[in-house]
Each structure stands twice: as structure tokens, then as C-alpha cells.
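In case you want the letters, here they are:
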Amino acid sequence: MQTTETPAAGTTRQTHGFQAEVRELLKLMIHSLYSHREIFLRELISNASDACDRLRFLAIGESALLGDDPELGIRIDADPKAGTVTITDNGIGMTREEAVANLGTIARSGTAEFFRSLPGDEQKASQLIGQFGVGFYSAFIVSERVEVRTRRAGAPPEAGMRWESRADGEFTVENVTLPKRGTAVTLYLKEDAREFADALRLRGLIRRYSDHIGFPVRMAKEGEATLDYEVVNQARALWTLPRTQISDEEYRQFYQYLAHDFSDPLAWSHNKVEGKREYTSLLYLPARAPFDLYQRDTVRGLKLYVRRVFIMDDAEQFLPLYLRFVKGVVDSSDLPLNVSRELLQQEPEVEAIRSGLTKRVLDLLARLAKDEPEKYAAFWKEFGAVLKEGIAQDQANEAALLPLLRFASTSQADNTPVVSLADYLARMKPGQERIYYVIAESLDAARAHPAIERLKERGLEVLLLSERIDEWVMGQLEAYEGKRFKDASRGDLDLGPLASEADKARHDAELKESKGLLKRIKDALGERVTEVRVSDRLKDSPALLVLGEHDLGDRLRRILTAAGQKVPEVKPILEVNVTHPLVTYLDGVAEAGEFGELAQLLYEQAQLAEGAALANPPDFVLRLNRLLVRLAAARGQDT
Ligand code: ADP
Ligand code: MG
């Protein structure tokens, strides 16, 4: 871009320290990233392309910004002898203030989170660099010194500036006169990175990583000393081509560019909608969850174009929150070019595109689940918990979402969530009317939950859940294919026709026999429980706490309490297994003090079994130990 350069009159050379996070990042770049070093090129070209995009966007309203240089593009010059590479664009450029801010700090919030999430392995670290928006600094992976010359579009030649750093904690800026707008980044390659000054190597990398950016990337013609440049990438926005003209490999490469990801996407969906409303979308399912999927300010959304002009990144209005893992592009023919984030929120057009894209993603998932169950299982493992949020957020699409759910289940020996609701229905016993599930702290705890002992014994399948949001999500579910969901740890089990006459007779007999015992336990526990009753659920455990159908469960209660909300107190029912030896023993205890202690232990162990916190753990331990000591003493007397 620039051919001459002289310090502009009356300007100062200034040295700035990098922000602490940048310093830390640079150290990481320099000392621990050896594999995938080539990502620096993808990141710098991506920045150059962004700069062109932004200028093209501004020029919609102010065409003078383009001046006599209207064709936007990127140029790469390499000098193997000097060991330098220069990436030049005639995009928006930067003012001095912008350069100091953009190339000296990390703007995105959650920087600390980024460092915390950095795993030992380099592949992932170098992937995170792009995703996190710190791409520029990757230049220092291969360079001992980096120089940036930049001039903002619309600013005079004297407003040009030169930025320079050796990544030693500081950078300097000074004003220089630059004849043209835009940015040139020159890398002075490290001794062991000289391969990147090789034109052939660079061409290969450009085709690999930057083939489908929307601007031409030019390099000097091979073997020619003249300054004759040729375009080395396709420079056609991939999504604008007909599907038949795009190879799978090209789809994959475009994803990698778009998502700053090394791995291939799991699947994609490319569609053109025509007619009353016109837009094109190219949507990808990533293979792995980003580190910040659960952070509130996680970057999400699609790249928005209007008639092929880039408008913005992360346009989150086009997909619901529970599909925030989807990457891609949406190109609308109907939205105005000057659309802003605020305007997007009011555009009825956006709402229509959003529901169209939501359907596309759900269709894509359904297709994956049907045709490639292994890939779908991989998807579920990474994103299942996020997709589940849709059950609560998007009732309109419930019918499409339900078949996509996967569960761990008592029908499987291990806890891998592979059971669909259709699988469950197909295995239901004759006369079974409910889809049973149980939620606990972990899948193992769910599997061993006292509430499902009898269900398991009867051979009834129970879905096992343990994720934070499960209580909330399952609470929203009514029925699947006419079969209602039933939390096995609440209310009555509702076995319906499954409960035989013999079952009922046994229950009535147990109830009659233990009326007195139940009352004594209730008296001993007082207000802690609403009722003490004979259980139909228990086989091996002596007791269980049961909530009402709509009572707030313990997990949700803890989440709400932690969020500072006041939650109403709920009192459970204590269900007792009257055939359990401990309970029959209790029946024979006449002394009120001992009875009271045992009744309380019964209650507390039921709390423990469901993962609830005890009100007074030391007190529990004291009582338990008194019991054990008594037991030991009794043994001593026996021998
Ligand atoms: P990101 O691209 O995700 O914002 P980077 O670290 O790659 O993060 O770049 C930081 C910022 O520096 C960019 O957002 C942009 O403002 C500025 N920048 C980098 N390269 C250029 C360029 N070639 N032209 C104009 N601005 C640039
Ligand atoms: Mg970048």
C-alpha cells in the first residue's frame, strides 16, 4: 500500500505498555504455541477482510470514503531473503487512538475466563485465540517484531501512523505520512518461522483458510520480478453459490474460517428462500462446544449480510438462545442496508427469518438423529443441555424438540444418554400410562434413587436426569404422544392398571397394620413433614421423602436461593417401607426418647438419599453415633 513514509511534522513518538491480559497472552503465544502456528495468517487476513467489510458498510452512507480506490481487497507480500511477510488491506484503517486501544488491549469482557479455560493442549489454545477475538496477537507466534502502518479512511495522509512491538510488554506509536488509507501489517519472522515467507507456502495457506472470504487476496505472480499481482483465493461468498457447485470440502473450509475452528463441523444446512421474502442461510453445527457456552455474555449469533454486504457479526436476533451454538451466515435481500442492532429488534422481517432458521436447525438435527445417530449422540453430548432449554423457551416448537431429547435410562447398563422418547414408548409395558423419570444430583444417584425401587422391580423403565436445568425443563413437559410425564419422586406413583388387585390388598393390609406406627412417627417428627404414609415405591430403602406434584424441588430451590430469591418453604411427605427391618424394629421400640431419635434418623437418611442438605449435620452425626455405640454395646453383651 504505502510506498513512501516520512514522520509527520509535530507528532510524537510514544511508548505504551500492553494491558496485563495482553502481556499474559503474548507470553502464551510466544512460549507455548508451536503447533498450528499458521493460524496467524488466517487471523490477519480475517482482520483485513473485516476492515474491508466495515469500510464497504460505511461507504453505503458516505461513498466519498472510497475515494479513487473503490475496489476493496487484500494483498500479501513476502520477502524470503529478509524474512518478512506483509498483509495489506485498503479497508477502514485506524486512527492513532483506535490503534492504541485495539492493538494494546483486549476489548472483550471475560478475558480472565479465557485464560482459565485454556487447557494444556495447544490445538485447543490456538483455536480459542480466534474464537475469543484476540487474533491480531497471534502474529507474535511467528514474529519477533510486528509493524503496523495504518490510516483511517477519510483521514489525511499525515494522520497515518506506525505501531510497532517486539512483544516485550510495550509497543510504540508514532505518526507517519501514508499516501493511502488502510492497514499494512508487517511481520519480521522468527528464525524458525521463515517458512512463512515462502510464496508457495503462503498460497497454500490462503487457499486452505481464506478461500471464501468475500474479498480478493492477491500475491505477486510467481517467478516474476514485476509488481504484477494475481488473485489467489476464490473471493466469492460461498453461500451465494448454488449448492450443487459447492463441494463438502469447501463447506468445511468455510466453516473453519467462519468459526475459527480447526475441527470439521458436524453438519450444515444451506438454503435459499425465495418469494415474498428472500434470504439465504448457511448454518453449521459445530462438533465441540465453545468454552463459554454457558456464560451470559457468550458470543452467539450469525454473520449478517444484506444483499452480500456485510452488516454485523454475532447478530443474535436470528436464532433463539437455545440454538446459540449454531454458526453461520444469513444474507437477506429485504432488510435495509442501514439496519442496526436496535432496528433488528423491531423488524417484523427478522422475526420471520428467525422462525424460518429455527425450523431449519431443528430439521437438520432431526435428520442427523435419524440418519447418523452416532453423530447425533456426539452432538447431544456437547449441546444437549443447551437444546433442552428450548423446551422451556420455545413452546411453539415443542413437537419438533421432544423427539430430539435423549436420556440416560434404567434400560441401559451405563449412563450414556441415548434413549429417545420414541424408544421409551416402544418399551412401555401393557397398561403403562406414564413416562417415568427421576432427577438426582448425578446419574448414578438417579439410578439408585429410592423412589424408583419398585418401578425397577416391576421392569418399568425410568428416565434418569441430573443436569442443573432438568427440574425446570421437565416441569414444563406435559406429554409425549399422549403419554404424560411422571416424576417418580412426587405425589402418587399412579401405576393405573399396572397395580394389581393383590398390590392393592397388600397396601391396604400394610396400612391397617401400621396406622399406629405412622402416627407415632408423625408425632415424633412434628411439623417437618406433612404426613407419614405407607410407601408403594420402596423395596430396599426404609424411607423416602416425597414432594407434591407442583412443589418446588430441592435443586431448583437451591438455584433460586443462590440467585437471591425468596422461595416458599415446602414440607414433604415421609413415606415408610413398613416391611423394612429397621421400621419393624422401630414399631417395637416403646421408649419415647429412643423412638424419637430413630424416627429422626429415618427422616434424615431419606433427606441424604435424595441429595438434600441436612439442617444440622453435626447433630445428625451425634445421633447416628449414639445408635452405633448402642449397637456395639449390644453386640458386646451377646458374646
Ligand atoms: P477481533 O478481530 O476479533 O476484533 P483481533 O485481535 O483480531 O480481534 O483484532 C483486534 C482489533 O484490531 C479489531 O477488532 C480491529 O478493530 C483492529 N484491527 C486489527 N486488524 C485491523 C485491520 N487490518 N484494519 C483495521 N482494524 C484492524
Ligand atoms: Mg480478528
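Model, not experiment: these values are computed from the prediction. (Residues numbered from 1 in each chain as written. Chains lettered and ligands numbered in written order. Predicted model: local features only at pLDDT ≥ 70, side-chain atom pairs only at ≥ 80, totals over all residues. Heavy atoms only, no water.)

## A closer look at helix α7 (residues 199-210)
Here's step 1: Given a rise of 1.5 Å per residue, 12 residues ought to cover 16 Å, and the 15 Å separating the end C-alpha atoms of α7 matches this to within 8%.
Here's step 2: Listed as buried for α7 are Leu202, Arg203, Leu205, Ile206, Tyr209 and Ser210. On an axial view of α7, the arc spanned by its buried residues comes to 165°, and they lie on one face.
Here's step 3: Buried residues along α7 sit against α2 (39-61), β3 (74-79), β4 (84-89), β9 (217-220), β10 (229-231) and α8 (248-259). (Helix = DSSP H or I, 4+ residues; strand = E, 2+ residues; numbered from the N terminus. Expected span 1.5 Å × (residues − 1). Buried < 20%, exposed > 50% of the residue type's maximum accessible area, 1.4 Å probe, protein only. Arc of directions from axis to C-beta. Contact = heavy atoms within 4.5 Å.)

## Considering the domain arrangement of the chain
Here's step 1: Looking at the assigned domains, one finds that the chain contains domain 1 (6-236), domain 2 (240-371), domain 3 (407-497) and domain 4 (501-638).
Here's step 2: Taken over C-alpha atoms, the centre of domain 2 sits 53 Å from the centre of domain 4. (Domains from an automatic or database assignment.)

## A look at the environment of valine 576
Here's step 1: By the secondary structure assignment, valine 576 is in strand β23 (residues 573-576).
Here's step 2: When the C-alpha atoms of valine 576 and proline 542 are compared, they prove to be 6.0 Å apart, with 34 residues separating the residues in sequence.
Here's step 3: Residues contacting valine 576, with those up to four places away along its chain left out, are Leu518, Ile521, Val532, Arg533, Val534, Ser535, Leu538, Pro542, Ala543 and Val583.

## Observations regarding unusual backbone geometry
Here's step 1: One non-glycine residue, arginine 308, adopts positive backbone phi at about 70°.
Here's step 2: In this structure, arginine 308 sits in the loop between β13 (302-306) and β14 (309-315).
Here's step 3: Of note in this structure, glutamate 481 is not a glycine but carries a positive phi near 50°.
Here's step 4: As for its position among the elements, glutamate 481 is in the loop between β19 (479-480) and β20 (483-487).

## Some thoughts on the sheet that holds β23
Two strands in a sheet stick together by hydrogen bonds in their backbones, pointing the same way (parallel) or opposite ways (antiparallel).
Here's step 1: If you trace the three strands from one edge of the open sheet to the other, you get β21-β23-β22, paired in mixed fashion. The open sheet terminates on both sides in strands that have one partner only, identified here as β21 (531-534) and β22 (543-546). Averaged over neighbouring strand pairs, the angle between their axes works out to 25° when direction is ignored.
Here's step 2: Judged from the four bridges that link them, β22 and β23 form a sheet pairing that is antiparallel. Bridged to alanine 543 within β23 is valine 576.
Here's step 3: Helix-sheet contacts for helix α17 (residues 501-525) involve β21 and β23, and the interaxial angle to β21 is about 155°.
Here's step 4: Packing of helix α20 (residues 592-609) onto the sheet brings it into contact with β22 and β23, and relative to β22 it is tilted by some 65°. (Pairing = 2+ DSSP bridges. Axes fitted to C-alpha atoms, helices over the stretch in contact; angles between N-to-C directions.)

## Structural notes on the pattern of salt bridges
Here's step 1: Scanning the model with the defined rule gives 47 salt bridges in all.
Here's step 2: Across the salt bridge formed by glutamate 164 and arginine 145, the nearest N and O atoms sit 2.6 Å from each other. Of this pair, glutamate 164 sits in strand β6 (residues 161-165) while arginine 145 sits in strand β5 (residues 143-151); the two residues are 19 residues apart in sequence, bridging distant segments of the chain.
Here's step 3: On the accessibility criterion, glutamate 164 (16% relative accessible area) is buried.
Here's step 4: The shortest N-O distance in the salt bridge between glutamate 575 and arginine 533 comes to 2.8 Å. One end of the pair, glutamate 575, is in strand β23; the other, arginine 533, is in strand β21, and 42 residues separate them in sequence. Side by side, glutamate 575 and arginine 533 carry an identical accessibility label, which is buried.
Here's step 5: Counted as one network, the salt bridges with shared partners bring together Arg13, Arg145, Glu147, Arg149, Arg162, Glu164 and Glu174. (Salt bridge = Lys/Arg side-chain N within 4 Å of Asp/Glu carboxyl O.)

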